[in-house]
Amino acid sequence: MMNKILVVEDNQDIQDFISEILAESEFVVETASDGGSALKNVEKSTPDLIVLDLGLPDIDGESVCREVKKKHPEVPIIILTAKGSVEDKVHGLELGADDYLSKPFEGDELVARIKARLRSTNNASFKLKVGDLELDRKTFQVKRGSKLIKLTPKEFKLLEYLMANKGRILPREMILNRVWLYSPDIDSRAVDVYIGYLRDKIDAGNKKKLLQSVRGFGYMIKD
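Residues numbered from 1 in each chain as written. Predicted model: local features only at pLDDT ≥ 70, side-chain atom pairs only at ≥ 80, totals over all residues. Heavy atoms only, no water.

**Notes on the sheet that holds strand β9 (residues 147–149)**
Judged by pairing direction, the sheet is antiparallel, and its four strands sit side by side in the order β6-β7-β8-β9 without closing on themselves. Taken across any chain shown, the strands that pair with only one partner, and hence form the sheet edges, are β6 (127–130) and β9. Neighbour-to-neighbour, the strand axes of the sheet open up by a mean angle of 20 degrees, direction not taken into account. As judged from the three bridges shared by strand β8 (residues 141–144) and β9, these two strands associate in the antiparallel manner. When the bridges of β9 are listed, Arg144 appears paired with Lys147. Of the strands in this sheet, β6, β7 (133–136) and β8 are in contact with helix α6 (residues 153–164), which crosses β7 at around 115 degrees. (Pairing = 2+ DSSP bridges. Helix = DSSP H or I, 4+ residues; strand = E, 2+ residues; numbered from the N terminus. Axes fitted to C-alpha atoms, helices over the stretch in contact; angles between N-to-C directions. Contact = heavy atoms within 4.5 Å.)

So this is what it looks like as structure tokens:
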């Protein structure tokens, strides 16, 4: 089955170039020239991957990225933009994007990154494991050892994000952006509160503590 790629780019020449090289690589290509059309396309038929320009008319690329990740977090997004500083790349990844490619770019590199991202997505396990803690993305079941742990949807999403980044320090702002998706009525203290909820359910009563605070940086989970 051929993978469907949605190319969101308002520059017609660049859109045509990307469409041509992806078609030559045997991808099914659909296009959108503005944010509103992109979101309608995603809701009509979810793509396997999105190549997204940030500088779009009407709804900007950042908003498109947040909205797609809110409703379809499993869909990989590769940001394609003229902004290429380290700060821009970090910001793009914090939006929820999975990769970032600066203009001008080589067609072969874009195709290679798309293929690598699709392989990573296809090989992703439904189950995450840290020590004796297991999370099943398919059944939404969490257990530590033989004990089943009941989590709220937000607690589950937070734990999933931590476990998917096992051993990596995650700053509060990054957690807030990825789990709460820039909700305007939420501040960074929500992260601390929900980490506390998880500690009570995951670590309480266990000699080995998996959830860890890294003072001045954020939180992590590790064996």
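Additional details are given in the paragraphs that follow.
**Observations concerning the nonpolar core**
Of all hydrophobic cores here, the largest spans 28 residues; its most connected members are Leu133, Val142, Leu159, Leu162, Ile175, Ile202 and Ile221. Of all the secondary structure elements, the ones that give two or more residues to this core are β6, β7, α6, α7 (172–180), α8 (189–202) and β12 (218–221). Take this core: its biggest share by element is six residues, from α6. Non-local contacts of Leu159, meaning those with residues more than four positions away in its chain, are made with Leu133, Leu135, Val142, Leu151, Leu198, Ile202 and Ile221. Grouped together as the second largest cluster of nonpolar side chains are 18 residues, Val64, Cys65, Ile79 and Leu95 included. (Core = buried A, V, L, I, M, F, W, Y, C linked by side-chain atoms within 4.5 Å. Buried < 20%, exposed > 50% of the residue type's maximum accessible area, 1.4 Å probe, protein only.)

**So, the environment of Lys138**
By secondary structure assignment, the location of Lys138 is in the loop between β7 and β8. Owing to a relative accessible area of 60%, Lys138 belongs among the exposed residues under this scheme. Separated by twelve residues in sequence, Lys138 and Phe126 have C-alpha atoms that sit 5.9 Å apart.

**Focus: α8**
Between its first and last C-alpha, α8 extends 20 Å over 14 residues, near the 20 Å set by a 1.5 Å rise per residue. When we look at burial in α8, the residues that qualify are Ala190, Val191, Ile195, Leu198 and Ile202. Taken around the axis of α8, the buried residues stretch over an arc of 130 degrees, which confines them to a single face. Facing away from the buried side of α8 by more than 90 degrees, the exposed set consists of Arg189 and Asp200. (Expected span 1.5 Å × (residues − 1). Arc of directions from axis to C-beta.)

**So, unusual backbone geometry**
For the peptide bond that leads from Lys103 to Pro104, omega is -5 degrees, which places it in the cis range. Notably, Glu26 is not glycine yet its phi reads approximately 70 degrees, a positive angle. The class for Glu26 is exposed, based on a relative accessible area of 59%. Positive phi outside glycine occurs at Phe140, with the angle close to 60 degrees.

**Some words on the environment of Ala164**
Along the chain, Ala164 falls in helix α6. Distance from Ala164 to Leu135, taken between C-alpha atoms, is 10.0 Å for residues 29 residues apart in sequence. Sequence-distant contacts of Ala164, defined by excluding residues within four places in its chain, comprise Leu128 and Arg137.

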